[in-house]
Structure formats: structure tokens, C-alpha cells
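The lines below spell out each chain.
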Amino acid sequence: MDSGRVLHRRKADLTVTRSRASGETQHIQEVCAKSLELSKVIRLLEDPLTANLKERHLFVLKKLLKRSQIGFLLKDLTGITKILNVCAEKAKDHPEYVPMLCEAIKICSLPFLKEKSSDELNYAQDVVEFLSHMGCLMRVSDAEVRQQIVECVKSFFSCVAPKQLLDGTVRHTKPKTRTLSSDNRFSRLSLRLQPTSPGYRLQLLERSDLAQTMLLSMAALENQSTIKLQLLQTLQILSSSSDMNCALMLKARGAETICLHMNEPDPSGQVLFCSSEILWNLLERGEKEEVTAQLSSMECVVSLKEAFFYQLMNSSRNSDLQLRNDLLVITTLLADNPNSLLIESLFAKQLIGLATFPELKNQHPMVRNLKLNFGNEDLKMKKLLLNLLVLMSKDLTALQLYKESQVMVSLLMLIKPPSSPSERRSSSRHWSPVQQEELMLQALATLVTIAPLMLDQFLSCQGNACLLILLDWCITQDSYFGQGQSFHSTGGRGSKKAQMRHCVRVLRSVTSSGEESVIRDLCDQGLISQLLGILMQMEASPDDEEDVIAVEIKSDLQLILSALCESDMHRKELFGSEGVEMTVHFLKKGSDKFYSGLGHNNLILSTVDCVWSCIVGCYTTEDYFLAKEGVFLLLDLLNSSPRCVYCNVLSTLLELCDNPNTLSHILSWRDHSGQTAPRLLLQLWKEEEEEFKVSRNRHGAITDPQRPILMGHQQEDTQPSFPANAPSAAVLELSEGLRSKIYSIFSKLGFQDLPGLSTQHYVTLSIVRRYLDFKVGEVWDEISRELSVDGVRPVTPDEEALDTICKISGDTARRVIVEQSSILEKREKEELSEEDLMYSEMKSHMKQRELTAKSWDSYVSKTSNYETLKEVKAQRESSRPKSKPEEATGRLTEHFIGRVMSVGTTDAPGPAGVKVTLARAPIRSAGQDRVGPAGQDHKHFSTVSTKD
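None of these values were measured; they are calculated from a predicted model.

**So, the overall build of the chain**
From N to C terminus, the chain includes 46 helices and eight strands. If you take every contact in the chain between residues at least 6 apart in sequence, the share linking residues at least 24 apart comes to 76%. Roughly 49600 Å² of accessible area belongs to the chain as shown, and the carbon and sulfur atoms make up 52% of that amount.

In C-alpha cells form, the structure reads like this:
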């Protein structure tokens with residue numbers, strides 16, 4: 001090391017004239033000298049022979065740090081890491097190294113320097129390792145070192161390059177002769193360096209372990225509250241800037257660590273705030289399930305409870321109230337985890353009691369002494385507590401706590417219609433009208449989930465009566481105008497539509513449970529007629545057709561009616577003609593707006609369900625439904641709706657077929673193109689088989705007699721066996737497919753003399769008629785294959801029975817194939833016969849046309865050529881038989897003289913188109929007795945044509 005010092009001194013005395021030609025060579029030499037000096041510093045610190053030369057160490061380190069005042073080179077970071085680690089170890093016994101450490105860490109806050117653009121990529125891994133070792137320096141117990149590390153990491157997110165390096169490089173001055181010391185050489189070297197961008201270091205920080213090691217260092221800061229707060233602020237910045245940092249912190253169980261340290265003594269009052277912010281960042285940017293799993297331990301839940309109630313009882317400023325609500329939100333997310341220990345820690349019981357405040361008095365000391373200012377933050381807390389009730393209701397133990405705390409009573413008090421202004425003034429403390437509206441809607445949304453789980457208490461608290469009172473208030477016309485300022489009041493501004501929407505939702509949830517006592521109580525209070533009146537009243541409003549909320553309310557009302565009337569004949573009679581008129585009205589709307597996005601798809605399905613549940617089964621309502629052409633409307637809906645509606649409509653039609661008057665309506669139905677109902681049903685059958693790739697030929701006939709109705713996915717299914725509690729594919733198709741319903745309807749209609757069917761339809765109909773036989777064979781075939789796969793051999797009689805059943809199914813399919821071939825052959829013969837008849841008619845028409853043309857030519861020749869006319873006349877006279885004179889005299893002969901009355905024309909070509917009207921009068925021969933003109937009337941004949 002002495003020789004090295006002498007060498008430096010000699011170089012310091014040199015006088016160098018630097019020219020432009022030797023600049024690059026000098027630069028390379030200086031860089032090599034710099035690297036060589038760094039390696040010598042490391043050897044000086046680590047060499048056992050020089051490890052105790054503390055003064056020499058400090059001198060060299062001070063000199064090294066002085067040269068690096070503008071930042072460390074990227075290529076030197078590996079060496080700097082070793083130097084920092086050695087200094088950190090020596091600082092435990094020699095505090096003199098602490099200032100060196102602090103100075104080095106302070107320089108680390110500056111951007112790293114690069115000589116070439118490629119250095120950022122080449123030394124990226126070195127930067128990652130350097131940042132990871134920086135976090136490990138938190139093991140040094142000195143407070144100044146720790147504080148410097150925390151400030152350095154914070155500066156990464158607000159780092160600005162030195163002023164002389166903002167442009168990347170600095171202009172060089174004109175070369176001149178001067179004496180260069182070692183420091184001067186490095187200064188000129190620095191002029192060629194460029195800082196890395198701040199984003200470069202932040203990107204590599206995510207790949208390092210800095211966030212993880214900083215978090216783990218919290219355990220070493222028990223007695224350094226100031227540094228602990230700064231560390232929390234740093235962790236807050238790290239967690240808010242990167243998802244990878246959050247993942248690293250969670251890997252070190254960061255959520256649990258932060259939660260366990262949030263209640264430690266804190267004079268500044270900022271530890272709890274920073275801790276809650278870090279937990280928020282971990283929930284938003286990290287894995288939510290991992291965070292809730294770490295916070296679900298008993299220690300963390302107790303820590304959250306202490307922090308929340310401390311803020312609840314000691315908060316006065318708005319920021320403190322917001323922090324209280326943030327802790328409650330974290331608790332709410334924790335309640336969504338089924339493994340959380342909220343109930344076991346008694347935190348849930350205290351929160352449930354707080355949820356009923358101030359509607360009910362609570363004897364718990366924390367709640368009894370609580371005072372609310374009814375501001376916006378208190379309103380948020382109340383809404384969060386109501387939402388917490390929904391999340392905790394998944395646990396049956398929580399429901400018992402609800403009963404003990406009278407949660408149902410509190411919720412029913414919140415949904416009461418708003419009181420008059422005078423009543424509100426008489427109360428000493430209350431929520432404002434806008435806040436009351438939000439709490440009413442939030443309570444209704446809570447009841448949607450809780451009421452079906454606590455029906456006994458719901459009935460005992462007169463829940464049905466409260467809902468019906470609210471429903472009556474919603475449909476009355478008064479001066480109330482909704483503010484619509486919360487999530488649940490969306491679309492209800494200026495009206496009571498939001499309240500009605502949620503009230504109907506609660507009614508739907510309690511009726512859909514199927515509890516007979518609830519349904520009976522509602523029906524006894526006249527709910528059926530009330531709902532029908534509301535539906536038709538809403539239909540009278542022209543604006544509700546395009547209102548999403550109004551369409552949703554109508555759909556829910558119909559579902560409530562279905563739940564009320566489904567299992568009771570008397571209620572179907574109460575549904576009566578008014579209900580039939582309602583369903584017919586909605587069926588007439590059709591499916592034109594099915595894909596409008598406004599909810600008309602749900603409205604159509606609820607209407608069909610209303611027909612099924614409220615009309616089918618009661619002959620009086622069924623007959624009135626038929627008289628209103630309800631079956632025609634269902635068939636129209638079946639013809640125009642998408643596939644998802646087919647199953648419901650077909651099931652409803654099938655149930656209606658039990659009424660004998662329905663069949664004539666089905667057979668007499670025609671659509672706008674003249675299509676009949678049997679033709680429509682067979683078309684749906686063909687579409688169903690095409691959808692599921694059932695094997696058929698181009699005529700729709702069976703191609704595989706062993707699998708006459710097997711669907712494509714069943715043929716490809718390789719599942720060896722089916723669970724005992726799950727139906728097989730063949731059985732499942734009976735309940736979910738369309739073919740079973742179409743077959744059942746045809747079984748009611750019959751398979752003969754169906755109108756509007758073609759040959760192709762008869763081919764399909766032959767399969768429909770044997771559907772049940774094919775399905776039985778398919779089920780038995782599944783049983784046989786499953787037994788074979790499971791290695792079970794039936795006893796001989798059963799095996800023979802299985803073989804016989806499978807053989808019968810195949811024989812039936814082959815007979816159907818023969819029948820289909822016969823239908824096709826018969827049709828082919830009919831087509832040939834029709835073709836022959838068509839050709840015969842064509843020949844007849846051609847012959848008639850030729851004769852007509854020939855007659856016309858003859859007529860034209862006679863009229864245009866006198867010689868031809870004489871020849872024709874001569875031929876006629878020669879062809880007449882000559883009578884004997886005695887016969888002529890002895891016989892009375894009558895002759896006619898014709899007179900043309902009128903001449904006209906028709907559309908027929910040639911002479912056939914000439915229309916002549918003649919009149920003729922008889923005259924006697926010379927030997928006949930004369931008769932006076934008055935003795936014989938003239939005979940007028942009808943119009944004749946020349947073709948006659």
C-alpha cells in the first residue's frame with residue numbers, strides 16, 4: 001500500500017498537456033486506474049494483514065467517497081457492495097465507520113452513472129444485487145445509518161440528477177496545460193459520464209429483495225419510533241408503486257407484520273394511519289386472498305379490533321373518522337373469509353351491536369357512551385356496518401348473534417317510510433332526509449339476504465306488514481322526491497322507484513324461500529290483487545317500457561306472483577281473469593326486444609313462468625286463457641324467440657295439453673307464413689338434433705340403428721362411470737332437452753292426420769313416435785356399459801334381459817328405418833306420377849295449340865282466297881247425302897235462316913277468339929202448309945263462337 005501511495009504522489013506532480021488526439025487513450029487509462037483503485041480499497045479492507053489499519057481505511061474511504069460525489073458507476077456497484085458490507089460489519093465495534101456508511105448511502109440516493117448506453121443492460125443484475133444489499137444494511141443498529149437508508153430509498157421515487165448532468169454530458173472546455181492530481185483526473189473522467197434514468201432504478205428495485213428486507217427490519221426497530229414511522233412511510237411508498245413489491249412484502253407475511261405493529265405507542269399518531277394505508281395497498285395491488293389469510297389469525301383480529309374501537313371512541317377530526325372507516329372496510333374484507341376469527345374474538349358481536357345503533361339502545365359500554373354527529377363519515381360507517389351484516393350472515397353462529405342483538409327490528413325500523421317534517425323536528429338527533437333515504441335503501445338491500453335466513457324472526461316482527469306498508473307508500477302520489485345519491489338509489493332520482501325496486505326484491509327473496517307461513521301471511525293481506533294492480537298501473541306509464549329499473553320491477557312482481565300461486569289452487573283462482581289479462585298483455589309484446597339490454601329477456605321468461613305457475617292447473621283460468629288466445633300467443637312466442645326460451649314455453653304448452661280444449665287451439669294455429677304447430681314442433685326437433693350432432697342422413701332418417709337418438713357429445717364421452725348422486729347424460733336429456741317435451745306434446749296431439757306436414761316431416765315424425773322406446777334402450781345401454789367398465793357381471797337372467805332389451809331397441813330402429821324408406825319411396829313415386837301428369841298436360845296443351853293454329857290458317861285461307869272457298873263448298877256439297885224426292889215431299893223439313901246480331905272478340909287466339917251472336921227463324925218448304933207470322937214465334941239462340 002506504501003508503494004501505491006508513492007505512485008499517486010508522483011502522478012500528482014506530473015505536468016500533462018492533453019491533446020484531442022490522445023483524449024480517448026487517456027480516458028481508457030483513467031478508467032482502468034479507477035477500477036484498480038477500487039479493487040485495492042477492497043483488498044485493503046479485507047486483507048487480514050491490513051484489516052486493523054482503521055485510520056488508513058477511513059482515509060481511503062473518505063477519498064473514494066469524495067471522488068464519487070456525483071454518484072457511483074454501474075460497473076463499480078459490485079465493489080461498492082463489498083465495501084459497504086465490510087463497513088457495516090466493522091461499524092458494530094468501531095463507530096468511526098458509521099459516518100462513512102452514511103456518506104456512502106447518501107451517495108446511493110443519486111442516480112447511478114454509466115459510460116455507455118449498453119451499461120444499463122450489462123450491469124442490471126449488479127444493480128439488483130446492490131439494492132438488495134442496501135436493505136440488509138438495516139441490520140446496523142445505529143439510528144443514523146437506518147435513517148439514512150430509509151431516506152435513500154424514499155429518494156428513489158423523487159430523484160433528480162445533478163444540475164451539471166441534466167443534459168447527459170457536459171461541454172468540454174478548450175484543452176490547456178495544467179497540473180492534474182488524482183481528483184482532477186476523475187473530475188475530467190466524470191465529464192464523460194451520464195446518469196441513468198430514475199425509472200431504470202425503480203424497475204430493478206422491483207426485482208430486488210429491498211421491499212422484503214425493509215419489512216423484515218421492522219422487528220429491529222422496537223425502540224426507535226421515529227425511524228419506525230419513516231420506515232412505514234417508505235413501505236407505504238413501495239407498496240403503492242408496484243405490484244411486485246406488494247408480492248414480496250406478502251411473501252414475508254407483510255400484512256400480518258404491519259397489523260401486529262399498528263397499535264404500538266406512537267406520539268405522532270401517524271403509525272396507525274401508515275399501517276392502514278399499507279394494508280390497503282396490499283389488498284388492492286396484491287393477492288386479496290393472501291392478505292385476508294394473514295389477517296385472519298386471532299392476534300391480527302384482536303389488533304384490528306383494538307385499533308378500530310380506539311378510533312371509534314377518540315376520533316373527532318375528519319381524517320380520524322376516515323381512518324376509522326378504513327379500518328372497518330379492512331374488517332369487512334376480512335369477514336368475507338370463512339376462516340376469519342371475528343366471532344371467536346368477540347369482534348363480530350361488538351360490531352353487530354354497533355350496527356343497531358342508534359335505532360336500538362345497547363348496553364355495551366363502548367356503544368352506550370358513543371356519540372354520533374350524523375355527518376357523512378358516520379353515515380359511511382353505518383352503511384359499512386349494514387354491509388358487514390350481509391357478509392357475516394354466511395355463518396350460522398352470526399345469525400344467532402343477530403337474534404340476540406335484535407338486528408331484524410333495527411332493519412325494519414330503518415325501512416319505515418319517511419316521517420313528516422314535524423315528526424323529524426321533535427326528535428333530538430336524527431339523520432337528514434338524504435341520509436335517511438340512503439340508509440333505507442341499504443337496509444332493504446341487507447334484508448334481501450338476511451330475511452330468508454331469519455324467517456321466524458321476520459314474521460314475529462311483522463316484516464310482511466312493514467314491506468306492504470312501504471309498497472303502498474311507493475305507489476302513492478305525494479311530494480316525495482328521491483335524491484338518488486347512493487349506489488342503491490341508481491335511477492330513482494326524483495321518484496320512489498329505487499325504494500320500490502328494493503322493496504320488491506325483499507318480497508321476492510322471502511317468497512322464493514317457499515315457506516308456507518310467509519306466503520300465506522302475504523296472501524291473506526291481499527298481495528296478489530295488489531301486485532296485479534301495480535303491474536297494470538306501471539304498464540299504463542309510457543316511459544316504463546324503456547326503463548331498466550321499471551322492467552326489472554315488473555319481472556320481479558311476476559316472479560312473486562308465481563311463488564304465491566304455484567302450489568295452491570285457491571290462489572290461482574284469486575289470480576283469476578285479471579291475472580290472465582295481465583299475462584296475455586305481456587305475451588302480446590313478443591320477443592322483439594329480447595336482446596335490447598333493458599331486461600326484456602327476463603320479463604318474457606317471468607311471464608311464461610307466471611302462466612305456468614298461476615294459470616296452469618286451474619280449469620277456470622285455463623279456459624279464460626284459451627278464450628283470450630293464450631295458446632296462440634305462446635306458439636307465436638315459440639316461433640319468434642331465441643333458443644333459450646324454448647324449454648319454458650314447451651313445458652307450459654305441455655302442461656296446458658292436459659286441458660282437452662287446448663289441442664284444437666294448437667292444431668288450428670298458423671303463423672304469418674301458414675306454418676302449422678306440428679310443423680313448427682318438428683322443425684324444433686330437427687334443430688335440436690343438429691345442435692347436438694345426432695347422426696342423420698340428408699333426408700333426416702336414422703343412419704345408425706344402434707344409436708338412433710344418441711347425441712354427439714354422448715358418443716364422445718369417455719367417462720367410465722357416473723356418480724350415484726348424479727344423473728347420466730341420457731337421463732339428464734329428458735329434463736333439460738326439448739325432444740322429450742316435443743314427444744309428449746305429440747303424444748297428446750296424436751301422430752296421424754296432422755296438418756301442414758311434408759314428407760321430410762313425416763320422416764322425422766316416425767322418429768318422434770318411437771322416442772320413448774329409443775330412450776329406454778339408451779338408458780339400458782348405459783347401464784350395460786357402466787357395469788362392463790366397473791367389472792360387474794350381472795347374473796345370467798339379468799344379462800339375458802339386458803341383451804334382449806338392447807336387441808329390441810335395435811330392431812325398433814331398423815323398423816323405423818324401413819318405414820322411413822317406405823315414406824321416401826312413396827313420395828318418390830308420387831313425384832314421378834306428378835311429373836308424368838305434368839308432361840301429359842304439356843303435350844295436350846301443345847296439341848291443342850297446333851289444332852287452333854291449323855283452324856285459324858284454314859279460316860284465313862277461306863276468307864282471303866275465293867277459289868279455296870269454292871273448293872271447300874264443293875267438298876261440303878259432295879259429302880252431303882242426297883235425299884229422294886218422295887221423301888223430301890213426304891217429310892216436313894224445317895230450314896233456318898241466320899241473321900248476325902252482334903260480333904265480338906275474346907282472349908283466345910285464332911277463330912276461337914271471334915264471338916258471334918246469331919238469330920234464326922224457321923221457314924217451310926214449298927209443299928208445307930203456310931203458317932202466318934203470328935202463328936210461329938222467333939227463336940233466339942244464345943251466343944255462340946265460331947269454334948263451335
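**Remarks on the packing of aromatic side chains**
As enumerated under the stated definition, the model contains ten aromatic pairs in all. Judged by centre distance (6.2 Å) and plane angle (55°), the ring pair of Phe 308 and Phe 347 falls under tilted. Within this pair, whereas Phe 308 is found in helix 17 (residues 298-314), its partner Phe 347 is found in helix 19 (residues 347-355), the two being separated by 39 residues in sequence. The exposure class of Phe 308 is buried, given its relative accessible area of 0%. Classification of Phe 347 by relative accessible area gives buried; the value is 0%. Three or more aromatic residues joined by ring pairs form one cluster here, namely Phe 308, Phe 309 and Phe 347. When the ring centre of Phe 112 is taken as reference, the NZ or CZ atom of Arg 201 above it lies at 5.3 Å. It is Arg 739 that lies over the ring of Trp 685; its NZ or CZ is 5.9 Å from the centre.

**A short note on the nonpolar core**
One recurring pattern in soluble globular proteins: nonpolar side chains tend to sit buried together. Residues Ile 83, Leu 235, Tyr 402, Leu 471, Leu 561, Leu 564 and Leu 638 are the most contacted members of the largest nonpolar core, which totals 225 residues. Residues in contact with Tyr 402, not counting those within four places in the same chain, are Ile 352, Leu 388, Leu 389, Met 392, Ser 393, Val 407, Ile 450 and Met 454.

**Points about helix 28 (residues 497-512)**
Taking 1.5 Å per residue as the helical rise, helix 28 with its 16 residues ought to reach 22 Å, and the 22 Å between its terminal C-alpha atoms agrees with that figure. Extensive coverage of helix 28 is indicated by the burial of twelve of its 16 residues. The set of residues buried in helix 28 consists of Ala 498, Gln 499, Met 500, Arg 501, His 502, Cys 503, Val 504, Val 506, Leu 507, Ser 509, Val 510 and Thr 511. Structurally, helix 28 contributes buried residues whose contacts are with helix 25 (433-450), helix 26 (455-460), helix 27 (463-475), helix 29 (516-524), helix 30 (527-539) and helix 31 (548-565).

**Re the pattern of salt bridges**
Close approach of charged atoms allows side chains with opposite charge to pair. Applying the stated rule across the entire model yields 37 salt bridges. A salt bridge links Glu 689 to Arg 696; the nearest nitrogen and oxygen atoms lie 2.8 Å apart. A relative accessible area of 5% places Glu 689 in the buried class. Ionic pairing is found between Glu 831 and Arg 827, a salt bridge with its closest N-O pair at 3.4 Å. Of this pair, Glu 831 and Arg 827 both sit in helix 44 (residues 796-864), four residues apart, which is roughly one turn of the helix. Overall, the relative accessible area of 41% leaves Glu 831 in the partly exposed class. Here the salt bridges do not stand alone but share partners, grouping Glu 689, Arg 696, Glu 733, Arg 739, Lys 775 and Glu 778 into one network.

**A closer look at the packing of helix 35 (residues 630-640) against helix 36 (residues 646-656)**
Running from N to C, helix 35 and helix 36 point in directions that differ by 155°, and their axes come no closer than 10 Å. Considering their axes alone, helix 35 and helix 36 lie roughly antiparallel with respect to each other. Considering the relative orientation of helix 35 and helix 36, their crossing is left-handed. Note on element contacts: helix 36 touches helix 35 through Tyr 646, Val 649, Leu 650, Thr 652, Leu 653 and Leu 656, opposite Val 631, Leu 634, Leu 635, Leu 637 and Leu 638. Here the contact of helix 35 with helix 36 is composed, by residue class, of ten nonpolar, one polar and no charged.

**Some words on helix 34 (residues 619-627)**
The set of residues buried in helix 34 consists of Thr 621, Glu 622, Phe 625 and Leu 626. Relative to the axis of helix 34, the buried residues are bounded by an arc of 140° and lie together on one face. With respect to the buried face of helix 34, the exposed residues turned more than 90 degrees away are Tyr 619, Thr 620 and Ala 627. In this structure, the buried side of helix 34 is in contact with helix 32 (569-587), helix 33 (600-614), helix 35, helix 36 and helix 37 (660-668). Positive phi shows up at Glu 629, right after helix 34, with a value of about 60°.

**Regarding the packing of helix 27 against helix 28**
Here helix 27 crosses helix 28 at 150°, and the two axes come no closer than 10 Å. If you check the angle between helix 27 and helix 28, you find them roughly antiparallel. Helix-helix and strand crossings are classified by hand; for helix 27 and helix 28 the assignment is left-handed. Side by side, helix 27 and helix 28 meet where Leu 467, Leu 470, Leu 471, Trp 473, Cys 474 and Ile 475 of the first sit next to Gln 499, Met 500, Cys 503, Val 504, Val 506 and Leu 507 of the second. Of the residues assigned to the contact of helix 27 with helix 28, the class counts are eleven nonpolar, one polar and no charged.

**Here's the deal with a nonpolar patch on the surface**
Together, Leu 772, Val 776, Trp 780 and Ile 783 make up a nonpolar patch on the protein surface, roughly 320 Å² of accessible area in all. Inspection of the secondary structure assignment puts Trp 780 in helix 43 (residues 771-789).

**Concerning the confidence of the model for the chain**
Averaged over all residues, the pLDDT of the chain equals 82, while 82% of them reach at least 70. Note that residues 185-190 has pLDDT below 50 and, in this model, 15 contacts with residues that lie over four places away or in other chains. With pLDDT under 50 throughout, residues 887-897 is counted as low confidence; its partners more than four residues away or in other chains account for 17 contacts.

**Description of the side chain of Thr 81**
Tracing the chain through its elements places Thr 81 in helix 4 (residues 77-91). Given the relative accessible area of 9%, Thr 81 is considered buried. Side-chain polar atoms of Thr 81 contact the backbone oxygen of Leu 77, separated by 2.7 Å. Not counting residues up to four positions away in its chain, the partners in contact with Thr 81 are Phe 130 and His 133.

**Observations regarding the environment of Thr 812**
Summarising the element assignment, Thr 812 is placed in helix 44. Residue classification places Thr 812 among the buried residues on the basis of a relative accessible area of 5%.

**Comments concerning the environment of Leu 399**
Among the secondary structure elements, Leu 399 is positioned in helix 22 (residues 396-405). Taking the C-alpha atoms as reference points, Leu 399 and Met 454, separated by 55 residues in sequence, lie 7.6 Å from one another. Contact partners of Leu 399, with chain neighbours within four places excluded, come to Ser 393, Leu 453 and Met 454.

**Considerations on unusual backbone geometry**
Residue Pro 358 is bonded to the preceding Phe 357 through a cis peptide linkage, with omega at 5°. Locating Pro 358 in the fold gives a position in the loop between helix 19 and helix 20 (365-368). Of note, Gln 406 is a non-glycine position whose phi angle comes to about 60°, a positive value. As for its position among the elements, Gln 406 is in the loop between helix 22 and helix 23 (407-414). Classification of Gln 406 as partly exposed rests on a relative accessible area of 42%.

What counts, and at which threshold
- Residues numbered from 1 in each chain as written.
- Predicted model: local features only at pLDDT ≥ 70, side-chain atom pairs only at ≥ 80, totals over all residues.
- Heavy atoms only, no water.
- Helix = DSSP H or I, 4+ residues; strand = E, 2+ residues; numbered from the N terminus.
- Contact = heavy atoms within 4.5 Å.
- Areas by Shrake-Rupley, 256 points an atom, 1.4 Å probe, with all protein chains shown as cover.
- Phe/Tyr/Trp six-rings, centres within 6.5 Å; stacked < 30°, edge-to-face > 60°.
- Buried < 20%, exposed > 50% of the residue type's maximum accessible area, 1.4 Å probe, protein only.
- Lys NZ or Arg CZ within 6 Å of the ring centre and 35° of its normal.
- Core = buried A, V, L, I, M, F, W, Y, C linked by side-chain atoms within 4.5 Å.
- Expected span 1.5 Å × (residues − 1).
- Salt bridge = Lys/Arg side-chain N within 4 Å of Asp/Glu carboxyl O.
- Axes fitted to C-alpha atoms, helices over the stretch in contact; angles between N-to-C directions.
- Parallel < 35°, antiparallel > 145°, perpendicular 65-115°, else oblique.
- Left-handed = near helix turned anticlockwise from the far one by under 90°.
- Nonpolar A, V, L, I, M, F, W, Y, C, P; charged D, E, K, R; others polar.
- Arc of directions from axis to C-beta.
- Patch = residues over 30% accessible without salt bridge, like charges linked within 9 Å, V, L, I, M, F, W, Y side chains within 5 Å.
- pLDDT = per-residue confidence, 0-100.
- Polar contact = N/O pair within 3.5 Å; in protein donor to acceptor, adjacent residues only side chain to side chain.

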